[in-house]
Amino acid sequence: MKNKFLFYAAVFALLLLSGCGGTQVYAERTVFALGTDVSVRVYDMREKEANLVIEKALARLYEIEATASAKMSESELYYVNQNAYEGDVFISDELFFLLKEGLFYSELTGGAFDIALGGVIELWEAGIERGQGIPSDDEIAAALENSGFEYLVLNENEQTVRFLKSGLKINLGAFAKGYAADEMKRVLLQNGTKNAVLNLGGDIITIGDKDGGGWLIGLADPLEAGEICAKLRIFDQAVVTSGNYERYFIYENKRYHHIIDRKTGYPSESGAISATIITESAMTADALSTALFVGGGDLIEILSDVGYILIEEDMRFTFSEDINIEFDS
Ligand code: ADP
Ligand code: MG
């Protein structure tokens with residue numbers, strides 16, 4: 001048995017199982033960025049060397065946060081959100097790339113994933129994070145009126161962005177963590193790392209194949225906190241889960257989570273309780289896992305190039321054939 005490591009996807013803790021072969025040596029750092037815990041584990045490198053490499057990966061993470069955070073008032077995205085209705089705003093290569101990719105996935109998923117739902121998201125976040133209760137139907141309708149990727153215009157030649165609605169706001173919360181994971185992986189690889197795992201609040205990206213046996217990732221049970229309901233064997237890939245059980249609040253006995261369906265302006269109710277994508281790029285996986293959560297079973301037909309696991313109410317599993325999934329019983 002070669003796989004000794006079990007990581008919880010979609011929960012913040014990594015759980016290391018002791019297996020045969022004794023304890024593996026690794027260097028690890030955990031920081032808070034992009035609104036979540038980010039941890040980097042590097043195996044098979046001397047500690048001092050590993051720590052230096054991890055520092056470089058974290059520097060890249062902070063750069064991306066300073067570009068793509070919708071909340072940090074000094075971020076580039078924040079500036080765009082304040083100014084892009086007034087006129088074209090010239091943006092960095094990095095933000096242009098993110099918006100272009102974000103638009104691509106927004107179109108591909110028919111708006112199930114939509115990078116321009118910031119106004120609606122902010123309304124709900126006020127409720128979720130500050131316990132202010134749910135927004136009124138009028139507030140939601142007004143925010144929806146000023147939302148949607150079709151009102152976001154990119155000019156490739158000028159490298160500018162422009163909004164066609166005054167209240168439009170971009171939010172990359174379903175996307176930026178995945179991109180950061182890909183970029184951190186790139187930095188680790190460039191610096192000679194052969195085996196590593198990154199966990200950005202449950203978005204997991206792996207490097208290497210860990211002694212040939214792959215990494216064993218635990219999929220969080222959406223109904224039982226702290227339990228896992230399946231295991232996945234991963235080789236050099238990313239696993240990203242969107243669920244309704246991580247961030248939510250209860251108001252008048254009803255549970256509201258943080259993933260919004262633009263068709264209603266309310267937290268999505270597709271019947272999905274957990275949506276996982278497995279593929280090389282964590283950015284792709286992040287966008288598509290959010291889309292799969294919002295779209296539910298209807299979205300599966302567009303997922304031809306990636307591995308997926310959809311769990312719907314009553315723990316009904318649907319998954320692609322190409323993934324290595326294991327159930328205990
Ligand atoms: P998590 O952040 O828990 O990993 P997701 O990747 O699904 O989960 O991202 C959810 C976040 O993305 C929300 O907190 C919000 O900022 C934003 N968001 C919510 N609904 C959508 C949506 N339909 N499309 C794109 N972004 C969304
Ligand atoms: Mg996502």
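Residues numbered from 1 in each chain as written. Chains lettered and ligands numbered in written order. Predicted model: local features only at pLDDT ≥ 70, side-chain atom pairs only at ≥ 80, totals over all residues. Heavy atoms only, no water.

## Describing the confidence of the model for the protein
Thinking step 1. The predicted model of the protein has a mean per-residue pLDDT of 89, with 89% of residues at 70 or higher.
Thinking step 2. Below a pLDDT of 50 lies the segment residues 1-23, which in the model reaches 71 contacts outside its immediate sequence neighbourhood of four places, other chains included. (pLDDT = per-residue confidence, 0-100. Contact = heavy atoms within 4.5 Å.)

## Looking at the coordination of the magnesium ion (ligand 2)
Thinking step 1. The coordination sphere of the magnesium ion (ligand 2) contains the protein donors Ala174 (O), Asp286 (O), Asp286 (OD) and Thr290 (OG1), at a distance range of 2.1 to 2.6 Å.
Thinking step 2. The motif formed by the donor residues of the magnesium ion (ligand 2), counted along the single chain, is A-x111-D-x3-T. Here the residue alanine 174 occupies a position in the loop between strand 7 (160-163) and helix 6 (176-190), and threonine 290 occupies one in helix 7 (residues 282-295), the gap between them amounting to 116 residues. (Donors = N, O, S within 2.8 Å, 3.2 Å for Na, K, Ca; no water. Helix = DSSP H or I, 4+ residues; strand = E, 2+ residues; numbered from the N terminus.)

## A word on the nonpolar core
Thinking step 1. Leu61, Val80, Ile170, Leu172, Met184, Leu188 and Leu292 are the most contacted members of the largest nonpolar core, which totals 73 residues.
Thinking step 2. Among the elements that take part in this core, helix 7 stands out by supplying 9 residues, more than any other.
Thinking step 3. Residue contacts for valine 80: discarding those within four places in its chain leaves Val89, Ile91, Leu95, Val161, Phe163 and Ile170. (Core = buried A, V, L, I, M, F, W, Y, C linked by side-chain atoms within 4.5 Å. Buried < 20%, exposed > 50% of the residue type's maximum accessible area, 1.4 Å probe, protein only.)

## A few points about unusual backbone geometry
Thinking step 1. Despite not being glycine, aspartate 44 has its phi angle at roughly 60°, a positive value.
Thinking step 2. Within the element layout of this structure, aspartate 44 appears in the loop between strand 4 (36-43) and helix 1 (47-68).
Thinking step 3. Despite not being glycine, aspartate 236 has its phi angle at roughly 55°, a positive value.
Thinking step 4. Mapped onto the elements of the fold, aspartate 236 is located in the loop between strand 11 (228-234) and strand 12 (238-243).
Thinking step 5. Its relative accessible area of 37% is what places aspartate 236 among the partly exposed residues.

## Topic: the sheet that holds strand 5 (residues 89-90)
Thinking step 1. The sheet built from 3 strands is open, its strands ordered 5-7-6 with antiparallel pairing. Looking at which strands have only one partner, the edges of the open sheet turn out to be strand 5 and strand 6 (152-155).
Thinking step 2. Relative to strand 7, strand 5 is paired through 2 bridges, and the arrangement is antiparallel. Paired with valine 89 across the strands is valine 161, a residue of strand 7.
Thinking step 3. In this fold helix 3 (residues 93-108) packs onto strand 6 and strand 7, with an angle of close to 125° to the strand it touches most, strand 6. (Pairing = 2+ DSSP bridges. Axes fitted to C-alpha atoms, helices over the stretch in contact; angles between N-to-C directions.)

## Details of the site of ligand 1
Thinking step 1. Residues in close proximity to ligand 1 total 19 residues, the closest being Asp114, Ser242, His258, Ile260 and Thr290.
Thinking step 2. One nitrogen or oxygen atom from the side chain of serine 242 is found 2.8 Å from an oxygen atom belonging to ligand 1.
Thinking step 3. Here isoleucine 260 contributes a backbone N or O atom positioned 2.7 Å from a nitrogen atom of ligand 1.
Thinking step 4. Contact with the protein chains removes 98% of the 570 Å² of surface that ligand 1 exposes when unbound.
Thinking step 5. Listing elements by their share of the shell around ligand 1, those giving two or more residues are helix 4 (118-130) and helix 7.
Thinking step 6. Here the shell around ligand 1 takes 3 residues from helix 7, the largest share from any one element.
Thinking step 7. Taken together, the residues that form the shell around ligand 1 break down as 8 nonpolar, 5 polar and 6 charged. (Near = heavy atom within 4 Å. Polar contact = N/O pair within 3.5 Å; in protein donor to acceptor, adjacent residues only side chain to side chain. Areas by Shrake-Rupley, 256 points an atom, 1.4 Å probe, with all protein chains shown as cover. Nonpolar A, V, L, I, M, F, W, Y, C, P; charged D, E, K, R; others polar.)

## With respect to helix 2 (residues 76-83)
Thinking step 1. All buried positions along helix 2 are accounted for by Leu77, Val80 and Asn81. Along the long axis of helix 2, the arc covered by the buried residues comes to 100°, so they all point the same way.
Thinking step 2. Summarising the contacts, the buried residues of helix 2 are in contact with helix 1, strand 5, helix 3 and strand 7. (Arc of directions from axis to C-beta.)

## Considerations on the environment of leucine 99
Thinking step 1. Residue placement: leucine 99 occurs in helix 3.
Thinking step 2. Residue classification places leucine 99 among the buried positions, given a relative accessible area of 0%.
Thinking step 3. Linking leucine 99 and leucine 154, residues 55 residues apart in sequence, is a C-alpha distance of 8.0 Å.
Thinking step 4. If near-sequence neighbours (up to four positions away) are discounted, leucine 99 is found in contact with Ile91, Ile115, Leu154, Val161, Ile170 and Leu172.

## Here's the deal with the sheet that holds strand 17 (residues 272-279)
Thinking step 1. Strand order in the open sheet made by the 8 strands is 3-4-8-9-12-17-18-19, with antiparallel pairing throughout. The sheet terminates laterally at strand 3 (26-33) and strand 19 (316-319), the two strands that pair on one side only. Each neighbouring strand pair of the sheet contributes to a mean axis angle of 10°, computed without reference to strand direction.
Thinking step 2. Here strand 12 runs beside strand 17; their pairing, made up of 6 bridges, is antiparallel. What sits directly across from glycine 243, in strand 17, is serine 274.
Thinking step 3. Set on the sheet, helix 7 makes contact with strand 9 (203-207), strand 12, strand 17 and strand 18 (307-312); between it and strand 17 the angle comes to about 155°.

## Details of the environment of aspartate 114
Thinking step 1. With respect to the helices and strands, the residue aspartate 114 is situated in the loop between helix 3 and helix 4.
Thinking step 2. You can call aspartate 114 buried: its relative accessible area is 6%.
Thinking step 3. Linking aspartate 114 and serine 147, residues 33 residues apart in sequence, is a C-alpha distance of 9.1 Å.
Thinking step 4. Residues contacting aspartate 114, with those up to four places away along its chain left out, are Ser106, Gly148, Phe149 and Arg262.
Thinking step 5. A polar contact of 2.8 Å, which involves the side chain of aspartate 114, links it to the backbone nitrogen of alanine 116.
Thinking step 6. In terms of polar contacts, aspartate 114 uses its side chain to reach the side chain of arginine 262, at 2.6 Å.

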